[in-house]
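Here is what each chain is made of, one letter per residue.
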Amino acid sequence: MYTNVKFEEGKRIIVVSDIHGDLTTFKKLLNKCEYNEEEDYLIILGDFLEKGTEILDTVHYVMELSKNERVYVLKGNCDRALEYCSNDDGLQDGLGYIKRMKNTIFTEKAKELEIVINGTDDLKEVVSHLQEEKEFIDSLPLVLVSDRLVFVHAGIKTLEEETEQKFLLSTKMFAHDSHNLQQYVVVGHFPVSNYSTKIFKLTPYFDMDKKIISIDGGNNMKSFGQLNALI
């Protein structure tokens, strides 16, 4: 669940969160950052699945990136979609999930396989063709810990004992919360626009007193969302 990392001094750390199946924008962002795979560290804070129109391509691109030892990928709550459909009860819930969501990894794969998902048997067949993707996502850590920074999808209270997974992946308004870590905590998950008061903003939210940095720009959430990178 927790992974420790020691970053090489003087090297850039590029952090991206909540790509949500938008590979085109993600590649543009990496290009804008002049990402160097041999020199830079790249951290993806989860939620690279769902909502966008390039979900499978995004997952496969992230899987390829992760082969680089300088790339760290964390799990987000939306990345657990395949986990929910791992048994018969989950398949039934999965049908409801597909109806609620416009774009999912299941509907993309079904289209590729030319399968119409009308029931659990159809969904089970689709899921059977996503085992490589599921194994990759299942292997991802939830928290990345360095001496000065801690990275997690949604939020964290302490490193002294393992925080409940639901909190790590799904807590909201973490930037209005607090933690007892010595490090700065970098999170995604909750669009920074929710912290806007007088001026609407989509750029990363910094609270240096609380040692919290929130970077989710709401990409693929609303028409005005954007994908942020923290360097």
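Fair warning: this is a prediction, and the values are worked out from it, not measured in the lab.

Caption draft 1: Structural context of the overall build of the chain. Along its length, the chain carries eight helices and 10 strands. Computed over C-alpha atoms, the radius of gyration of the chain comes to 18 Å, within 12% of the 17 Å expected from 2.2 N^0.38 for 231 residues, which places it in the range of a compact globule. Dimensions of the chain, computed from the C-alpha atoms along their principal axes, are close to 50 × 35 × 35 Å. Counting all 231 residues of the chain, 52% fall into the buried class. Counting contacts in the chain only where the partners sit at least 6 residues apart, residues at least 24 apart contribute 69% of the total. Total accessible area on the chain is roughly 11,900 Å²; 45% of this is exposed by carbon and sulfur atoms. Here the chain carries 27 positive and 39 negative side-chain charges, and the mean point of each set is 7 Å from the other.

Caption draft 2: Representation of the pairing of strand S7 (residues 184–187). Relative to S7, strand S6 (residues 149–152) runs parallel, the two sharing three bridges. Of the residues in S7, the one forming a bridge with Val-150 is Val-185. Note: S7 against strand S9 (residues 212–214), three bridges, orientation parallel. The partner of Val-185 across the bridge, within S9, is Ile-212.

Caption draft 3: Up close: helix H6 (residues 120–128). Here H6 has its buried residues at Leu-123, Val-126 and Val-127. All buried residues of H6 fall inside an arc of 100 degrees around its axis, so they share one side. Residues of H6 that are buried in the fold lie against helix H4 (88–100), helix H5 (105–113) and helix H7 (131–138).

Analysis parameters
Residues numbered from 1 in each chain as written. Predicted model: local features only at pLDDT ≥ 70, side-chain atom pairs only at ≥ 80, totals over all residues. Heavy atoms only, no water. Helix = DSSP H or I, 4+ residues; strand = E, 2+ residues; numbered from the N terminus. Rg over C-alpha atoms; globule rule 2.2 N^0.38 Å. Buried < 20%, exposed > 50% of the residue type's maximum accessible area, 1.4 Å probe, protein only. Contact = heavy atoms within 4.5 Å. Areas by Shrake-Rupley, 256 points an atom, 1.4 Å probe, with all protein chains shown as cover. Lys, Arg positive; Asp, Glu negative; His and termini not counted. Charge placed at Lys NZ, Arg CZ, Asp CG, Glu CD. Pairing = 2+ DSSP bridges. Arc of directions from axis to C-beta.

That is the geometry; function is a separate question.
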